[in-house]
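# Examination of the molecular architecture
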Amino acid sequence: KSDICVYGMGPRNPSVVFEDAELDGTRGRYAMDLKALEDYIEATARSRQDTTFTVLRFAPIFGPEVNNPLSRYLRLPLVPTRLGYDPRMQLISEADAVRAIEHALANPVSGVFNVAAPGQLYLSRILRLGHRVAQPLPRRAYNIAVKGMSRTDLHLPTHVKRLVHHGLITDTRRMRDVLGFAPNRNLRQTILAGYGLLPDR
């Protein structure tokens, strides 16, 4: 299991990122750790050609039972956002993330695959679907708000802050065409289920 944050996030990233992309996006410690792990897997795969190594780069996982930093941020009743930033985002439901892992185990295919629900939405639209109120703030006020959140269980790691500033959209054709996996929920359904507005199934 990897994460699309391995690509890094920044204003110079292309509009859609492919698995073989070489990006200039800023990478934090989390992304660098993921890249180091993927490099190790790649080196091991070259020496163990009798073994299938599948790397799943997941979009942020969102669901009613998920308690990761992005989910806690999206569930705030009043969500601080950066003034002038409305990034495009992808997510994957917690149920589909589990299904993707099960599928990869049952149908082993070597390679690296982006895994995300079909579709992309702006952060503002995601918050409206969840009946949340976005509060755009200038940089100084936003940084103060985020720092205040860090004193609670709402700490936003660097990679999440970069995601809600710049966004990240990946191409998922290899997931469908090579890995043979298709999520049950599209992005809108994933968001509604994550907010408890759609039965989780």
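Our subject is the structure that appears above.
Note that the coordinates shown come from a computational prediction; the quantities given were computed from them, not determined experimentally. (Residues numbered from 1 in each chain as written. Predicted model: local features only at pLDDT ≥ 70, side-chain atom pairs only at ≥ 80, totals over all residues. Heavy atoms only, no water.)

## Some thoughts on the overall build of the protein
When you go through the protein residue by residue, the secondary structure sums to eight helices and nine strands. Here the C-alpha radius of gyration of the protein, 17 Å, is about what a compact globule of 201 residues would show, namely 17 Å. Principal-axis analysis of the C-alpha atoms gives the protein an extent of 55 × 40 × 30 Å. Put simply, the protein has 201 residues, and 44% of those count as buried. For the protein, long-range pairs separated by at least 24 residues make up 83% of all intrachain contacts whose partners lie at least 6 apart in sequence. (Helix = DSSP H or I, 4+ residues; strand = E, 2+ residues; numbered from the N terminus. Rg over C-alpha atoms; globule rule 2.2 N^0.38 Å. Buried < 20%, exposed > 50% of the residue type's maximum accessible area, 1.4 Å probe, protein only. Contact = heavy atoms within 4.5 Å.)

## A look at the pairing of strand E4 (residues 78-82)
Across the five residues that make up E4, a large majority, four, are buried. Alignment of E4 against strand E9 (residues 133-137), held across five bridges, turns out to be parallel. Along E9, the bridge assignment pairs arginine 82 with leucine 137. (Pairing = 2+ DSSP bridges.)

## Focus: unusual backbone geometry
At histidine 131, a residue that is not glycine, the phi angle is positive and equals roughly 60°. According to the relative accessible area criterion, histidine 131 is exposed, its value standing at 63%.

## A few points about the environment of glutamine 90
Inspection of the secondary structure puts glutamine 90 in the loop between strand E5 (88-89) and strand E6 (92-93). Glutamine 90 sits in the buried class, given a relative accessible area of 5%. Sequence separation between glutamine 90 and threonine 190 is 100 residues; the distance between their C-alpha atoms is 9.9 Å. If we skip the residues at most four places from it in the chain, glutamine 90 touches Ala59, Pro60, Ala116, Gly119, Leu168, Ile169, Thr170, Thr172 and Leu187. A polar contact of 2.8 Å, which involves the side chain of glutamine 90, links it to the backbone nitrogen of threonine 170. (Polar contact = N/O pair within 3.5 Å; in protein donor to acceptor, adjacent residues only side chain to side chain.)

## Comments concerning helix H1 (residues 29-47)
Look at H1: 27 Å from first C-alpha to last across 19 residues, which is about the 27 Å you get at 1.5 Å a residue. Along its buried surface, H1 packs onto strand E1 (2-3) and strand E2 (54-58). (Expected span 1.5 Å × (residues − 1).)

## A few points about the pattern of salt bridges
Counting across every chain of the model gives six salt bridges. The shortest N-O distance in the salt bridge between arginine 57 and glutamate 38 comes to 2.5 Å. Linking arginine 57 in strand E2 with glutamate 38 in helix H1, this pair joins segments that are 19 residues apart in sequence. Here arginine 57 matches glutamate 38 in class, with each residue buried. As a salt-bridge pair, arginine 99 and aspartate 96 come within 2.9 Å of each other at their nearest N and O atoms. (Salt bridge = Lys/Arg side-chain N within 4 Å of Asp/Glu carboxyl O.)

## Describing the packing of aromatic side chains
As enumerated under the stated definition, the model contains one aromatic pair in all. Judged by centre distance (5.4 Å) and plane angle (75°), the ring pair of phenylalanine 62 and tyrosine 195 falls under edge-to-face. Here tyrosine 195 lies in the segment after helix H8 (187-194) and phenylalanine 62 lies in strand E3 (residues 61-62), a separation of 133 residues in the sequence. Assessed through its relative accessible area of 1%, phenylalanine 62 is described here as buried. (Phe/Tyr/Trp six-rings, centres within 6.5 Å; stacked < 30°, edge-to-face > 60°.)

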